[in-house]
Amino acid sequence: AQTVTQSQPEMSVQEAETVTLSCTYDTSESDYYLFWYKQPPSRQMILVIRQEAYKQQNATENRFSVNFQKAAKSFSLKISDSQLGDAAMYFCAYRSARGKNTDKLIFGTGTRLQVFP
Amino acid sequence: EAGVAQSPRYKIIEKRQSVAFWCNPISGHATLYWYQQILGQGPKLLIQFQNNGVVDDSQLPKDRFSAERLKGVDSTLKIQPAKLEDSAVYLCASSLWEQGAEAFFGQGTRLTVV
């Protein structure tokens with residue numbers, strides 16, 4: 001079974017600085033998707049960034065980028081130029097690509113990010 | 001486009017009572033998920049629907065939880081009878097029926113069992 005591990009329960013960063021959130025996963029599959037989701041307090045979860053395992057190039061979305069190391073099964077999220085609005089819980093998630101009926105999202109336990117002015 | 005709608009937002013019940021949650025997914029999304037998020041943990045899948053058929057309910061406590069998705073659109077999740085350990089946020093999400101498609105989440109229902 002696939003598992004996702006986030007070893008940092010909490011992280012903090014100063015506004016305008018850069019922070020990296022860690023995620024490791026375990027799978028025997030070769031094809032899958034990895035996601036970072038953001039969950040602000042009392043608000044719905046939204047997708048931050050997505051990575052297809054077959055792509056070697058790391059995904060980037062504006063201030064958000066990932067460091068995807070397939071052999072090491074590592075998928076970290078880097079937030080550059082941090083803003084107060086980035087404060088939230090961040091969840092790393094795994095999704096199999098074996099078939100449409102096996103595509104549930106498997107989540108890590110989350111990292112709470114605090115941003116200080 | 002309208003997002004995933006859930007109701008109620010909050011619910012407090014006594015143990016052994018029953019409760020139901022409702023979810024309206026994004027129009028056109030064939031896949032619907034119910035997740036349970038216990039405080040301090042990541043969301044855990046309870047059940048996944050493809051249209052009105054169940055794809056995965058392996059982690060649904062079937063002795064007390066039930067879910068249905070009539071006509072392949074709205075869905076309800078029921079707990080009967082509730083236990084203290086059912087206190088959690090229940091998240092509904094939907095996605096297109098495509099490999100790797102983004103899942104869109106509702107705001108969730110926070111259930112407190114006392």
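Computed from a predicted structure; not experimentally measured.

Trainee: Honestly, the sheet that holds strand E8 (residues 75-79) of chain B in this entry has me stumped. Any pointers?
Mentor: Strands in a sheet are paired, the pairing made by backbone hydrogen bonds, and the direction either parallel or antiparallel. Residues and elements named next belong to chain B. Pairing in this open sheet of four strands is antiparallel, and the strands run E1-E3-E8-E7 from one edge to the other. This sheet does not close on itself; its edge strands, each paired only once, are strand E1 (5-7) and strand E7 (65-68). Ignoring which end each strand starts from, the neighbouring axes of this sheet average 15 degrees apart. In this sheet, strand E3 (residues 19-24) lies alongside E1 in antiparallel orientation, the contact comprising three bridges.

Trainee: How do you make sense of the packing of aromatic side chains when you look at a structure like this?
Mentor: Any pair of aromatic rings gets described here by the distance separating the centres and the angle formed by the planes. Scanning the model with the defined rule gives 15 aromatic pairs over all chains in all. Judged by centre distance (5.5 Å) and plane angle (80 degrees), the ring pair of Tyr37(A) and Phe105(B) falls under edge-to-face. Note that Tyr37(A) is positioned in strand E5 (residues 32-39) and Phe105(B) in strand E10 (residues 104-105), a pairing that runs across two chains. Residue Tyr37(A) is classed as buried on the basis of its relative accessible area of 0%. Plain terms: the ring middles of Phe91(A) and Phe107(A) are 6.1 Å apart, the flat faces sit at 90 degrees to each other, and that makes the pair edge-to-face. Of the two residues, Phe91(A) is situated in strand E10 (residues 88-96) and Phe107(A) in strand E11 (residues 105-107); the sequence distance between them amounts to 16 residues. Per residue, the accessibility class of Phe91(A) equals that of Phe107(A), and both read buried.

Trainee: Before we go on, may I ask you to explain the environment of Ala59(A) in this structure?
Mentor: All names here are of chain A. Summarising the element assignment, Ala59 is placed in the loop between strand E6 (46-52) and strand E7 (60-61). By relative accessible area, Ala59 is classed as buried at 15%. Separated by 10 residues in sequence, Ala59 and Ile49 have C-alpha atoms that sit 7.2 Å apart. Excluding anything up to four places from it in sequence, Ala59 contacts Ile49, Arg50, Gln51, Phe64, Ser65 and Val66.

Trainee: Even after reading the chapter, I still don't get the nonpolar core, so can you show me in this structure?
Mentor: Residues Tyr25(A), Trp36(A), Phe75(A), Leu77(A) and Tyr90(A) are the most contacted members of the largest nonpolar core, which totals 26 residues. By residue number, the principal contributor to this core is E10(A), which donates four residues. Counting 21 residues, the second-largest nonpolar core is a separate cluster that includes Val4(B), Ile47(B), Ile79(B) and Leu111(B).

Trainee: Got a minute to help me understand the interface of chain B and chain A in this structure?
Mentor: Quoted interface sizes are often the accessible area lost when the parts come together. The interface is formed by 26 residues belonging to chain B together with 23 residues belonging to chain A. Carbon and sulfur atoms make up 46% of the surface buried where chain B meets chain A, a total of about 2100 Å² over both sides. Of all residues in chain B, Gln99(B), Gly100(B) and Phe105(B) bury the most surface against chain A, accounting for 28% of the area lost on that side. Counting across the chain B and chain A interface gives one salt bridge. The salt bridge involving Asp56(B) is made with Lys104(A); its shortest N-O contact spans 3.5 Å. Broken down by secondary-structure element, the contributors of at least two residues to the side of chain B that touches chain A are strand E4 (31-37), strand E5 (44-50), strand E6 (53-56) and strand E9 (88-95) of chain B. When the residues that make up the side of chain B that touches chain A are grouped by side-chain class, the tally is 10 nonpolar, 12 polar and four charged.

Trainee: How should the state of the cysteines be read in this particular structure?
Mentor: Here a disulfide denotes a covalent bond joining the sulfur atom of one cysteine to the sulfur atom of another. Residue and element names in this part refer to chain A. Evaluated as defined, the whole model comprises two disulfides over all chains. The side chain of Cys23 participates in a disulfide bridge whose partner is Cys92; the two sulfur atoms lie 2.0 Å from each other. Looking along the S-S bond of the Cys23-Cys92 disulfide, the torsion reads about -70 degrees, which is the left-handed sense. Residue Cys23 is found in the loop between strand E3 (19-21) and strand E4 (24-26), and its partner Cys92 is found in strand E10; the two are separated by 69 residues along the sequence.

Trainee: Teacher, can you tell me more about the pattern of salt bridges here?
Mentor: Following the criterion strictly, the structure yields seven salt bridges over all chains and no others. Counted as one network, the salt bridges with shared partners bring together Arg50(A), Glu52(A) and Lys55(A).

Trainee: Please explain the side chain of Thr31(B) as it appears in this structure.
Mentor: Residues and elements named next belong to chain B. Here Thr31 lies in strand E4. Here Gln50 takes part through its side chain, which lies 2.7 Å from a polar atom of the side chain of Thr31. Once residues lying within four places of it in the same chain are set aside, the contact partners of Thr31 are Gln48, Phe49, Gln50, Arg69, Ala93, Ser94, Ser95, Leu96 and Trp97.

Conventions adopted
- Residues numbered from 1 in each chain as written.
- Chains lettered and ligands numbered in written order.
- Predicted model: local features only at pLDDT ≥ 70, side-chain atom pairs only at ≥ 80, totals over all residues.
- Heavy atoms only, no water.
- Pairing = 2+ DSSP bridges.
- Helix = DSSP H or I, 4+ residues; strand = E, 2+ residues; numbered from the N terminus.
- Axes fitted to C-alpha atoms, helices over the stretch in contact; angles between N-to-C directions.
- Phe/Tyr/Trp six-rings, centres within 6.5 Å; stacked < 30°, edge-to-face > 60°.
- Buried < 20%, exposed > 50% of the residue type's maximum accessible area, 1.4 Å probe, protein only.
- Contact = heavy atoms within 4.5 Å.
- Core = buried A, V, L, I, M, F, W, Y, C linked by side-chain atoms within 4.5 Å.
- Buried area = accessible area lost by both parts, 1.4 Å probe.
- Salt bridge = Lys/Arg side-chain N within 4 Å of Asp/Glu carboxyl O.
- Nonpolar A, V, L, I, M, F, W, Y, C, P; charged D, E, K, R; others polar.
- Disulfide = S-S within 2.5 Å.
- Polar contact = N/O pair within 3.5 Å; in protein donor to acceptor, adjacent residues only side chain to side chain.

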